Amino acid sequence: MSLSASHVIANPYHFIRGTAPLLISIPHAGTHLTPEVASGLTDAALPLSDTDWHIPRLYDFARSLGASILVGEYSRFVIDLNRPADDTPLYATATTGLFPDTLFDGRPTFKPGMEPTAAQRQQYLAQIWQPYHQTLQAELARMKQEFGYALLFDAHSIASRIPRLFEGKLPDLNLGTNDGASCLPGLSDAVEGCCLQQTRFSHVLNGRFKGGYITREYGQPQADQHAVQLELAQVNYMEEIEPFAWSEDKATELQGVLKPLLAGMLAWGEAHYP
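Residues numbered from 1 in each chain as written. Predicted model: local features only at pLDDT ≥ 70, side-chain atom pairs only at ≥ 80, totals over all residues. Heavy atoms only, no water.

A. Structural view of the sheet that holds strand 4 (residues 150-158). One open sheet holds the 7 strands; their spatial order is 1-3-2-4-7-5-6, and the pairing between them is mixed. Each end of this open sheet is capped by a strand with a single partner; those strands are strand 1 (13-16) and strand 6 (203-205). Across the sheet, the mean angle separating the axes of adjacent strands is 15° when strand polarity is ignored. In the sheet, strand 1 pairs with strand 3 (residues 68-72) via 4 bridges, with the strands oriented antiparallel. Residue pairing across strands places Phe15 opposite Leu70, the latter belonging to strand 3. Strand contacts of helix 4 (residues 185-196): strand 4, strand 5 (173-176), strand 6 and strand 7 (225-233), with the helix running at about 165° to strand 6, the strand carrying the most contacts. Strands strand 2 (22-26), strand 4, strand 5 and strand 7 of the sheet are contacted by helix 6 (residues 248-272), whose axis makes an angle of about 160° with strand 4. (Pairing = 2+ DSSP bridges. Helix = DSSP H or I, 4+ residues; strand = E, 2+ residues; numbered from the N terminus. Axes fitted to C-alpha atoms, helices over the stretch in contact; angles between N-to-C directions. Contact = heavy atoms within 4.5 Å.)

Written as structure tokens, this is what we have:
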């Protein structure tokens, strides 16, 4: 079945423009499904467990810092906004693609023969993936024109234990700079320094998660465009089992680290680009 006119995808993202040279990208918090994807998901996939739950709420404070915020509205089971359009694998280890056919734990995403067609997926690419990236690119360009530089923070979260993807328990704060290629060393030092100034949460720089497509593609320090990814262990702000409930006390404590981290990025930018 092809998409009919009534199934044209509208509002694939939510965007709030800020006043500072910082853009927060949140590509995996969306839960909207197209009819084809909704009808084809396996029982294991229906809870949308691989969603970056509550991330827009967790980072809502960033609006007070003047950050622009871009949030994808559709589930990664429709199309993954943090994968390249040609679906080139980002990791040599286990991962999921532009159109995920398995969950993080390896179970199938779709019932046999119920995957969206190639034509439908091309429409997802044109009507969901492209608009998100066009908006991201345009906002970074606007920031560079206004401020002379742009800072991109790609915000993610994941369950703290997924044996198929990594051994044991994931560190609480997983910073990624594509092994130092997506930003200048000073910015990397600034964000890691914020993590080192506290003892409550563990952290790692360029560990299992070095940055996905967005960090790698738009982190261009030679062009005064700097990108950092942060993959959070979800146990620190929510319940990791269905219904994936928000934990106010945990979230407030975690925000005590996230706020100075983002403020530190802005302070670095002001110092480096006086």
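B. Spotlight on helix 3 (residues 118-147). Look at helix 3: 42 Å from first C-alpha to last across 30 residues, which is about the 44 Å you get at 1.5 Å a residue. At Gln130, helix 3 is bent by approximately 35°, the largest bend along its length, and proline Pro131 sits one to four residues beyond. (Expected span 1.5 Å × (residues − 1). Bend = angle between axes of the 7 residues up to and from the residue.)

C. Focus on the layout of surface pockets. In this structure, the largest pocket occupies an estimated 330 Å³ of space. A breakdown of the residues in the lining of the largest pocket according to their chemical character gives 10 nonpolar, 4 polar and 8 charged. (1 Å grid on protein atoms, 1.4 Å probe; cavity = no way out; pocket = protein on both sides within 12 Å on 5 of 7 lines; lining within 4 Å. Points joined across faces, edges and corners; volume = space filled by probe spheres on them. Nonpolar A, V, L, I, M, F, W, Y, C, P; charged D, E, K, R; others polar.)

D. How the structure looks around the environment of Trp129. Take Trp129: it is sitting in helix 3. If we skip the residues at most four places from it in the chain, Trp129 touches Ile79, Asp80, Leu81, Arg83, Pro84, Ala85, Leu98, Tyr124 and Tyr213.

E. Main features of the pattern of salt bridges. For the coordinates displayed, the defined rule picks out 11 salt bridges. The salt bridge partner of Asp105 is Arg107, with a shortest N-O separation of 2.9 Å. Classification of Asp105 by relative accessible area gives partly exposed; the value is 40%. Classification of Arg107 as partly exposed rests on a relative accessible area of 42%. Between Asp172 and Lys169 there is a salt bridge; the shortest N-O distance is 3.6 Å. Judged by relative accessible area, Lys169 falls into the partly exposed class, the value being 41%. Sharing partners across several salt bridges, the network here consists of Arg17, Glu139, Arg142 and Glu146. (Salt bridge = Lys/Arg side-chain N within 4 Å of Asp/Glu carboxyl O. Buried < 20%, exposed > 50% of the residue type's maximum accessible area, 1.4 Å probe, protein only.)

F. Molecular detail of the nonpolar core. In terms of nonpolar packing, the biggest core is built from 74 residues, with Ile24, Leu58, Tyr59, Phe153, Leu262 and Met265 touching the most fellow members. A total of 9 residues in this core trace back to one element, the largest contributor, which is helix 6. Not counting chain neighbours up to four residues away, the residues in contact with Met265 comprise Leu22, Leu151, Leu152, Phe153, Leu187, Val191 and Val228. (Core = buried A, V, L, I, M, F, W, Y, C linked by side-chain atoms within 4.5 Å.)

G. Focus on the packing of helix 4 against helix 6. The interhelical angle for the contact between helix 4 and helix 6, taken along N-to-C directions, is 155°, at an axis separation of 9 Å. Classified by the angle between their axes, helix 4 and helix 6 sit roughly antiparallel to one another. Note that helix 4 runs across helix 6; the crossing there is right-handed. Listed contacts from helix 6 to Gly186, Leu187, Ala190, Val191, Cys194 and Cys195 of helix 4 are Pro260, Leu261, Gly264, Met265 and Trp268. The residue inventory of the contact of helix 4 with helix 6, partitioned by class, reads 9 nonpolar, 2 polar and no charged. (Parallel < 35°, antiparallel > 145°, perpendicular 65-115°, else oblique. Left-handed = near helix turned anticlockwise from the far one by under 90°.)

Geometric values such as these leave the question of function open.
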